[in-house]
Amino acid sequence: MSLVHEIDFGTPRSKSEKMVTLTIDGQSVSVPEGTSIMRAAMEMGTQIPKLCATDMVDAFGSCRLCLVEIEGRAGTPASCTTPAMDGLVVHTQNARLAALRKGVMELYISDHPLDCLTCAANGDCELQDMAGAVGLRDVRYGYDGENHVFAKSGPKHNHNSPEACENDHWMAKDESNPYFTYDPSKCIVCSRCVRACEEVQGTFALTISGRGFESRVSPGMSESFLDSECVSCGACVQACPTATLTEKAVIEIGQPEHSAVTTCAYCGVGCTFKAEMRGEELVRMVPYKDGKANRGHSCVKGRFAWGYANHKERILNPMIREKITDPWQEVSWDEAFNFAAKKFKGIQAKHGRDSIGGITSSRCTNEEVFVVQKLIRAGFGNNNVDTCARVCHSPTGYGLSSTFGTSAGTQDFDSVEDTDVVMIIGANPTDGHPVFASRLKKRLRAGAKLIVVDPRQTDIVRSAHIEAQHHLPLMPGTNVAVLTALAHVIVTEGLADETFIRERCDWSEFEDWAAFVAQPNHSPEATAIMTGVDPKELRAAARLFATGGNGAIYYGLGVTEHSQGSTTVIAIANLAMATGNIGRPGVGVNPLRGQNNVQGSCDMGSFPHELPGYRHISGDAVREQFEAMWNVKLNSEPGLRIPNMFDAATEGTFMGLYVQGEDILQSDPNTKHVVAALSAMECVIVHDLFLNETANYAHVFFPGSTFLEKNGTFTNAERRIQRVRKVMSPKNGLEDWEVTLGFAKALGYEMSYNHPSEIMDEIAALTPTFAGVSYAKLEEVGSVQWPCNEKQPLGTPIMHMDGFVRGKGKFMLTEYIATDERTGPRFPLLLTTGRILSQYNVGAQTRRTENVVWHEEDRLELHPHDAELRGIRDGDWVRLQSRAGETTLRALLTERMAPGVVYTTFHHPTTQANVITTEFSDWATNCPEYKVTAVQISPSNGPSEWQKEYDEQARQSRRIAMPVVEAAE
Amino acid sequence: MDTHTSTSPDRLIYMANQIGDFFNSQGHDHAVAGIAEHIKKFWDPRMRKKIFEHLDAGGAGLKPNVLEAIASLKK
């Protein structure tokens, strides 16, 4: 193996379809119009020396190293800023150009330290490469003059250093960011970092301060990186051609020697990375430019927050115990498998076949999910399998399959580049899906319009060079009313796309729907009293969406996690159909998925009523295919969903649970009820990296493997199936699919696979939408989006192009029904929950990384007005109470919140945010209503009694017994 | 009813009525068929058994279309 090298073409690809032909160094080359001469040269294999150019950002033309001669033109233009044109004759090297370049390079080096041997960029320094490329042999200027290289006083920096001197130009290294350092003495002011921050990330945290010799890269207003607006995405580090911005891991370990292309295990964007290695040690994760979801970009989590894999709290040995009050006993894998199997068989013997079940992980691979659901359906003999999508995007599956015929988003992420109007509903992409947000912001800066429907003024509403045309700050729980009001305006003002609807949808269903939404009680004016949304703004937003060109809807858990989650998804689908925004680039309905493989875990048959590929378990023909392949009779009845499992546990009919990679105790609503359910069970098996909160109530612990330690595939929010590649041996000894196989074998249901690729072959054989997927194909083409089959051998970037999957698009009526979770005198405020950039989900991974510097605790965000009424100041401890329970956390006063609405994250177990949330849930899927809880807040002195008891229980439960040393005979 | 302790069958009655609330706007016939199909497709047998028992005991708390749908499902 060696490092995966990516070609840097110097300037971005032109999208033009018109080709131009020019001659470079005597060779004819054809490129799309708009391509730079630099890129045209690189396409034919000639690298023109360059420093300030890189193909992730637009050409800048500042370093003057890429000069060329063009016949018939005066001077020596920069090849990065000069477009290729028909008939140009270009020379990239001659005596004149060589002399010019040498002169430029000599000046650069005259103000650069020459500690190359001990420099962290040694082996990966473009400045050094270019010095070599231009043949620089001598630097005539000493360091006696002005320079940025040496400290004011103190010891000499290296052997090239003259006597230490006073130097106002020198700046100390900034090591404030936990993952990278900024060493101004090595900066050549190419401004690649500044442009990456602007163009790629869209944060505009960096600038060049000063002019001429005073020019400096400056985070914020000459702040440290950590104190600035920097979001630590790493784009600047990647863009830096020198050691000025360098990963701390590279400084510590050295340059990597081999790499593998793999997929991030954080959010549903599914960024492709190169895992750059030294032996089995991970040096860094670098976003891969050919990654079709991320196009070479990353966020702080995927790029840097992988240290949890080596965290001291990671459990590496299987453990068992009889009672949850006992300390854990470390045992061999076989002992753990046999112990667990005996327990589960015992439970089935006593309580019946349906008394056990399992939860698949949306963090694990498709192959791992597939074998867990197979174990449950074929080995346990029931359909009690569910996944964490239950608590996030299950309404998406229900709503989109009812209206369009597929349980997935309609577009690829590239589609946003063709969007004219973006509507974001109940999603906070800059925090939750940051790499997609960067791509979205790029499009918005280029002129696309933005509508945001969200109770909070999220960052996307107004940030650097971006401002939403319309922000509709609705009261939590009124999504359906707002969406139906948008539809009301579109229908009553005659803005619906009749041609599209007549051609693609059921016309009579549309007519029923149009009559329904046109009712006066659905108008923006009539619903404003419930929704709190200004009717004028709402009307303007509806008109913009219907008439502004390609309209795309992106939504998140603010849509699904409600009593009417499924209804809202249906309303979104209605809106897209009514405006003709389905079936081409730039439009569509796009759920932003929470976890890396939520889409995949749903595809793989993780729902109790569906076999892989979303086919109902009661369908005889499909079930018989599985029965034939698995050689076992399957149960034709739907099984229990997660909340139903808890209910059944407290009733005594569900007594054993195998949970893979999911912390249900922390993530599911009404913690006390979950505790009661887990406590009632006779055997809980937790299969995870850490002793998570659920493990406090577990009897068996199977240690898990990280995404770096196994082979498999993840499927992202675009339905894109991408490889996860093993770059190190599992520290726990087994890949997760092997753990499931071991447990299955002990239960007497043997599955034999030698490699996850064989599991994928079985998936492909049983699932029509995956029929064309194989590891060989993924090796060949990188990734595919399902459906991938005979008709679409390379996958389907955009769905419903020639008609809906279900045939005709189905309009469905969406009556607004207020949730029963209401505010009142005792609980006058509404709590809504979400996440922030640096943390992920329940925080099990990110809390065990340096990301805690950005978010060390969950805070309660509230409007200063609500705070003042209650005598609460910023940073005070507050008691947060709902009908379900109470907890305490510290307040954060912010005007992002509307008065009457408070907000918190759920990344930290000590906060116990889910003690507060209730068990109201979506009518169709039982997805919990996390986004609406009536609460009261009051000043407090510190943690609640429950929090103290919980902490004590957790501490007791996590004890691991010391190995018993057998006495010698 | 206290939905925070989820004692069966209250929880199931609540869930069934919620399903009814979605389908009711489609008119009686569609609604009854829709509710019945939804419960058949998504409820585990022990949940259906429990709601049938509740129906046999009079079905208190179930809204009319929901009651009818569950009765049709039981046949």
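Calculation criteria
- Residues numbered from 1 in each chain as written.
- Chains lettered and ligands numbered in written order.
- Predicted model: local features only at pLDDT ≥ 70, side-chain atom pairs only at ≥ 80, totals over all residues.
- Heavy atoms only, no water.
- Pairing = 2+ DSSP bridges.
- Helix = DSSP H or I, 4+ residues; strand = E, 2+ residues; numbered from the N terminus.
- Contact = heavy atoms within 4.5 Å.
- Axes fitted to C-alpha atoms, helices over the stretch in contact; angles between N-to-C directions.
- Domains from an automatic or database assignment.
- Buried < 20%, exposed > 50% of the residue type's maximum accessible area, 1.4 Å probe, protein only.
- Parallel < 35°, antiparallel > 145°, perpendicular 65-115°, else oblique.
- Nonpolar A, V, L, I, M, F, W, Y, C, P; charged D, E, K, R; others polar.
- Expected span 1.5 Å × (residues − 1).
- Disulfide = S-S within 2.5 Å.
- Buried area = accessible area lost by both parts, 1.4 Å probe.
- Salt bridge = Lys/Arg side-chain N within 4 Å of Asp/Glu carboxyl O.
- Polar contact = N/O pair within 3.5 Å; in protein donor to acceptor, adjacent residues only side chain to side chain.

**Section: the sheet that holds strand β26 (residues 683–688) of chain A**
Residue and element names in this part refer to chain A.
- What the seven strands build is an open sheet, ordered β13-β12-β27-β26-β25-β14-β15; its pairing is mixed. Two strands in the sheet have a free side with no partner beyond their single neighbour: β13 (329–330) and β15 (385–387).
- The strands that helix α8 (residues 333–351) touches are β12 (319–320), β14 (356–360), β25 (656–660), β26 and β27 (700–703); relative to β27, the one it contacts most, it runs at about 135 degrees.
- Sheet strands touched by helix α9 (residues 366–380): β14, β15 and β25. Its angle to β14, the strand with the most contacts, is close to 170 degrees.

**Comments concerning the domain arrangement of chain A**
- Looking at chain A, the domain boundaries give domain 1 (19–133), domain 2 (319–389 + 638–785), domain 3 (394–591) and domain 4 (829–956).
- The straight-line distance from the C-alpha centre of domain 1 of chain A to that of domain 4 of chain A is 54 Å.

**Topic: the pairing of strand β10 (residues 272–278) of chain A**
All names here are of chain A.
- When you tally the buried positions in β10, you get six out of seven residues, the bulk of the element.
- As paired strands, strand β9 (residues 258–263) and β10 are joined by six bridges and run antiparallel to one another. Bridge assignment links Thr263 to a residue of β10, and that residue is Thr272.
- Pairing of β10 with strand β11 (residues 281–287), which is carried by six bridges, proceeds in the antiparallel orientation. Note on β11: the bridge partner recorded for Phe273 is Pro287.

**A few points about the packing of helix α4 (residues 192–201) of chain A against helix α12 (residues 434–445) of chain A**
All names here are of chain A.
- One can describe the packing of α4 onto α12 by two numbers: an axis separation of 7 Å at closest approach and a directional angle of 90 degrees. Compared by their axis directions, α4 and α12 come out roughly perpendicular. Here Glu198, Glu199, Val200 and Gln201 of α4 come into contact with α12, specifically with Ser438, Lys441, Lys442 and Arg445.
- In terms of residue class, the contact of α4 with α12 is made up of one nonpolar, two polar and five charged.

**Structural notes on helix α19 (residues 565–578) of chain A**
All names here are of chain A.
- End to end, α19 covers 20 Å across 14 residues, agreeing with the expected 20 Å (1.5 Å per residue, within 8%).
- Most of α19 is tucked away: 14 of the 14 residues are buried.
- Backbone geometry just downstream of α19 places Gly580 in the positive-phi region, at approximately 70 degrees.

**A few points about the state of the cysteines**
Residues and elements named next belong to chain A.
- Considering all chains together, one arrives at zero disulfides over all chains under this definition.
- The thiol sulfur of Cys52 is not disulfide-bonded, and the nearest other cysteine sulfur, from Cys63, lies at 3.9 Å.
- A disulfide-free cysteine, Cys116 has its sulfur positioned 6.5 Å from the sulfur of Cys119, the nearest such atom.

**A word on the interface of chain A and chain B**
- Across the boundary between the two partners, chain A contributes 38 residues, which contact 26 residues of chain B.
- Surface buried jointly by chain A and chain B totals about 2,700 Å² across both partners, of which 52% is contributed by carbon and sulfur atoms.
- Its largest share of buried area at the contact with chain B, chain A owes to Leu813, Glu919 and Trp923 of chain A, together 22% of the area lost on that side.
- For the pair chain A and chain B, the number of links is four salt bridges.
- Between chain A and chain B we count 10 residue pairs in polar contact (both at pLDDT 80 or more) in total.
- Those elements that provide at least two residues to the side of chain A that touches chain B are α19 and α22 (642–651) of chain A.
- Examining the composition of the side of chain A that touches chain B, we find that five residues originate from one element, α22 of chain A, more than from any other.
- Among the residues forming the side of chain A that touches chain B, the class breakdown is 14 nonpolar, 13 polar and 11 charged.

**Remarks on the sheet that holds strand β28 (residues 712–715) of chain A**
All names here are of chain A.
- Pairing in this open sheet of three strands is antiparallel, and the strands run β28-β29-β30 from one edge to the other. Strand pairing shows two members of the sheet lacking a second neighbour, β28 and β30 (783–785), which therefore form its edges. Between one strand axis and the next, the sheet turns through 30 degrees on average, direction left out of account.
- Packed on one face of the sheet, α9 meets β28 and β29 (720–724) and runs near 95 degrees to β28.

**Focus on the pattern of salt bridges**
All names here are of chain A.
- Overall, the coordinates contain 64 salt bridges over all chains when judged by the stated rule.
- Between Glu525 and Arg539 there is a salt bridge, with the nearest N and O atoms lying 2.8 Å from each other. With a gap of 14 residues between them, Glu525 in helix α16 (residues 524–531) and Arg539 in helix α17 (residues 535–547) connect regions that are remote in the sequence.
- Glu857 is the salt-bridge partner of Arg890, the closest N and O atoms lying 2.3 Å from each other. Of this pair, Arg890 sits in strand β34 (residues 886–893) while Glu857 is found in the loop between β31 (829–834) and β32 (859–862), placing the two residues 33 residues apart along the sequence.
- We classify Arg890 as partly exposed; its relative accessible area is 23%.

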